[in-house]
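Listed below, chain by chain, are the residues.
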Amino acid sequence: MKTMTCRQLGGPCDLAHRGESADDVINAQDKHLKQAEKAGDAAHQPARDEMKGRWRHPKKSLGWYRDMKQAFADLPAE
């Protein structure tokens, strides 16, 4: 189990996302950003827009995805 924050994943806050894999925390971040958008949280909107773009254009976003997977891999296990 490892933890990454919203900020580490490109967002504006320090909410912690825990998971067994980078995909777990990336999906948790996506859910968090969707909830923030629904709540009208303007601070999270740029990160939400970027995340939507990554889901729509996955080939263009492989660099970000690889970077997040590496950042997750570099974290110590909890």
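Residues numbered from 1 in each chain as written. Predicted model: local features only at pLDDT ≥ 70, side-chain atom pairs only at ≥ 80, totals over all residues. Heavy atoms only, no water.

Regarding the nonpolar core
Here's step 1: With seven residues, the main nonpolar core is built from Met4, Leu9, Ala22, Val25, Ile26, Met68 and Phe72.
Here's step 2: If you list the elements that add at least two residues to this core, you get helix H1 (22-38) and helix H3 (62-74).
Here's step 3: The element that contributes the greatest number of residues to this core is H1, accounting for three residues.
Here's step 4: Those residues within four positions of Val25 in sequence are excluded, and the remaining contacts are Lys2, Met4, Leu9, His17, Arg18, Gly19 and Phe72. (Core = buried A, V, L, I, M, F, W, Y, C linked by side-chain atoms within 4.5 Å. Buried < 20%, exposed > 50% of the residue type's maximum accessible area, 1.4 Å probe, protein only. Helix = DSSP H or I, 4+ residues; strand = E, 2+ residues; numbered from the N terminus. Contact = heavy atoms within 4.5 Å.)

A closer look at the side chain of His17
Here's step 1: By secondary structure assignment, the location of His17 is in strand S2 (residues 16-19).
Here's step 2: For His17, the side chain forms a polar contact with the side chain of Gln29, separated by 2.8 Å.
Here's step 3: Sequence-distant contacts of His17, that is, excluding residues within four places in its chain, are made with Lys2, Thr3, Met4, Thr5, Cys6, Leu9, Val25, Ala28, Gln29 and His32. (Polar contact = N/O pair within 3.5 Å; in protein donor to acceptor, adjacent residues only side chain to side chain.)

Here we look at the environment of Phe72
Here's step 1: With respect to the secondary-structure elements, Phe72 resides in helix H3.
Here's step 2: Phe72 sits in the buried class, given a relative accessible area of 7%.
Here's step 3: Remark: the alpha-carbon pair of Phe72 and Lys38, spanning 34 residues in sequence, is separated by 27 Å.

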